Amino acid sequence: MSLVYGPVKSWRLGRSIGIDPICMEPKVCTFNCIYCQLGRRGIVTEERSVFVKGDEMKDQLVSLLKKGVRADVITFSGTGEPTLAANLGELVALVNNVTGIPTAMLTNSSMLRNPEVRDAARRFDVLVVKLDASSESAYKAVNRPHPSMDHQKLLKGIELMREEFDGSFRLQLMFVSENLDEAPAIAELCEKIAPDLVYLNTPLRPSMTRPLSRREMHSIPRFFRKFQTRMVYDARPR
């Protein structure tokens, strides 16, 4: 398993070097989403821990960059929820010290209510923040969060992060059949959050859940006319 990997082509962010601050199979996450590409197995927790050493990550990244690898962004993602890494702030600071490549993080938003997490997240240039539901019932059905978590805490964390973050703040909405009818209500929540960009996604990678068709996905953007959006089917080659 690679702590630093790529570059890979991301439909959201361009040519990306990936950093996995969890690096544990099958996954360690606060959610067990029905569409997770890592499968249903793994640890669902809200306890933050140090999973990887900063020096090891730095050495791997420097080694990759010395090979002349070029990238548009360095993205924290991987085998679980990156904000569960208790040393997340240290890791992104190390990246910022060795390269001028912009940094991004893909997060499921669940830990943003934690001030220490938000402090670390502010060090990124781009945040891609998940919002898959407008109600508690849809949240539990689609994201299957740790029992201590609820939808109102999730929304509060997103709103606080939006207020405190100076970089590019983006929402990613993952649609499947179980939350397709949530689109209008999610759009209303987006108005309060005011993201810089909204990604409209469905699980095209191997998943336990059927992705929505191109036609189904193209029924969604009309609810998000007030925002700049990017659709997974339009961003990926046919």
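Above this text is the structure in question.
This section reports on the structure supplied with the text.

Parameters at a glance
Residues numbered from 1 in each chain as written. Predicted model: local features only at pLDDT ≥ 70, side-chain atom pairs only at ≥ 80, totals over all residues. Heavy atoms only, no water. Phe/Tyr/Trp six-rings, centres within 6.5 Å; stacked < 30°, edge-to-face > 60°. Helix = DSSP H or I, 4+ residues; strand = E, 2+ residues; numbered from the N terminus. Buried < 20%, exposed > 50% of the residue type's maximum accessible area, 1.4 Å probe, protein only. Pairing = 2+ DSSP bridges. Axes fitted to C-alpha atoms, helices over the stretch in contact; angles between N-to-C directions. Contact = heavy atoms within 4.5 Å. Nonpolar A, V, L, I, M, F, W, Y, C, P; charged D, E, K, R; others polar. Disulfide = S-S within 2.5 Å. Right-handed = clockwise from strand over helix to strand, strands pointing away.

**Topic: the packing of aromatic side chains**
Next, step 1: Throughout the structure, instances matching the rule amount to five aromatic pairs.
Next, step 2: Between Trp 11 and Tyr 199 the ring centres are 5.4 Å apart and the planes differ by 80 degrees, which places this aromatic pair in the edge-to-face class. With Trp 11 in the loop between strand S1 (4–10) and strand S2 (14–19) and Tyr 199 in strand S9 (residues 197–201), the pair connects residues that are 188 residues apart, well separated along the chain.
Next, step 3: Given a relative accessible area of 17%, Trp 11 falls into the buried group.
Next, step 4: Taking relative accessible area as the criterion, Tyr 199 reaches 0% and is therefore assigned buried.
Next, step 5: On the basis of an interplanar angle of 85 degrees and a centroid distance of 5.1 Å, the ring pair of Phe 76 and Phe 124 is categorised as edge-to-face. Here Phe 76, found in strand S5 (residues 73–76), pairs with Phe 124, found in the loop between helix H3 (115–121) and strand S7 (126–130); they are 48 residues apart in sequence, far enough to count as distant. For the pair Phe 76 and Phe 124, a shared accessibility class is recorded, and that class is buried.

**Re the sheet that holds S9**
Next, step 1: Here we have eight strands laid out as an open sheet, ordered S1-S2-S5-S6-S7-S8-S9-S10, and mixed in their pairing. In the strand order of this sheet, the two ends are held by S1 and strand S10 (229–231), each with one partner. Averaged over all neighbouring strand pairs, the angle between strand axes comes to 25 degrees, with direction disregarded.
Next, step 2: Lying over the sheet, helix H2 (residues 88–98) contacts S2, S5 and strand S6 (103–107), oriented at roughly 165 degrees with respect to S5.
Next, step 3: Contacting S7 and strand S8 (168–174), helix H5 (residues 151–164) runs over the sheet at an angle of about 155 degrees to S8.

**Here's the deal with the packing of H5 against helix H6 (residues 183–193)**
Next, step 1: Where H5 meets H6, the axes come as close as 10 Å, and the angle between the chain directions of the two elements is 35 degrees. Every residue of H6 that contacts H5 at His 151, Leu 155, Ile 158, Glu 159 and Arg 162 is listed here: Leu 189, Lys 192 and Ile 193.
Next, step 2: Classifying every residue of the contact of H5 with H6 by side-chain character gives four nonpolar, one polar and three charged.

**As for the state of the cysteines**
Next, step 1: If you walk through the whole model with that rule in mind, you get zero disulfides.
Next, step 2: In this structure Cys 23 is a free cysteine whose sulfur lies 15 Å from that of Cys 29, the closest cysteine sulfur available.
Next, step 3: In this structure Cys 33 is a free cysteine whose sulfur lies 6.4 Å from that of Cys 29, the closest cysteine sulfur available.
Next, step 4: According to the relative accessible area criterion, Cys 33 is buried, its value standing at 6%.

**Some remarks on unusual backbone geometry**
Next, step 1: In this structure, the amide linkage connecting Gly 6 to the following residue, Pro 7, adopts the cis form with an omega of 10 degrees.
Next, step 2: If you trace the backbone, Pro 7 turns up in strand S1.
Next, step 3: For the bond running from Glu 25 to Pro 26, omega is -5 degrees, close enough to zero to count as cis.
Next, step 4: In this fold, Pro 26 is placed in the loop between S2 and strand S3 (28–29).

**Thoughts on the pairing of S6**
Next, step 1: Within S6, five of the five residues are buried, leaving the element largely enclosed by the surrounding structure.
Next, step 2: Across the two faces of S6 the burial is the same, with Thr 103, Met 105 and Thr 107 and Ala 104 and Leu 106 all buried.
Next, step 3: As paired elements, S5 and S6 share three bridges and run parallel to each other. Each residue of the ladder has a partner; that of Ile 74, found in S6, is Thr 103.
Next, step 4: Handedness of the crossover joining S5 and S6 through H2 is recorded here as right-handed.
Next, step 5: Where S6 meets S7, four bridges bridge the pair, whose relative direction is parallel. Across the sheet, Thr 107 pairs through a bridge with Val 129, a residue of S7.
Next, step 6: Read as a crossover between parallel neighbours, the route from S6 over H3 to S7 is right-handed.

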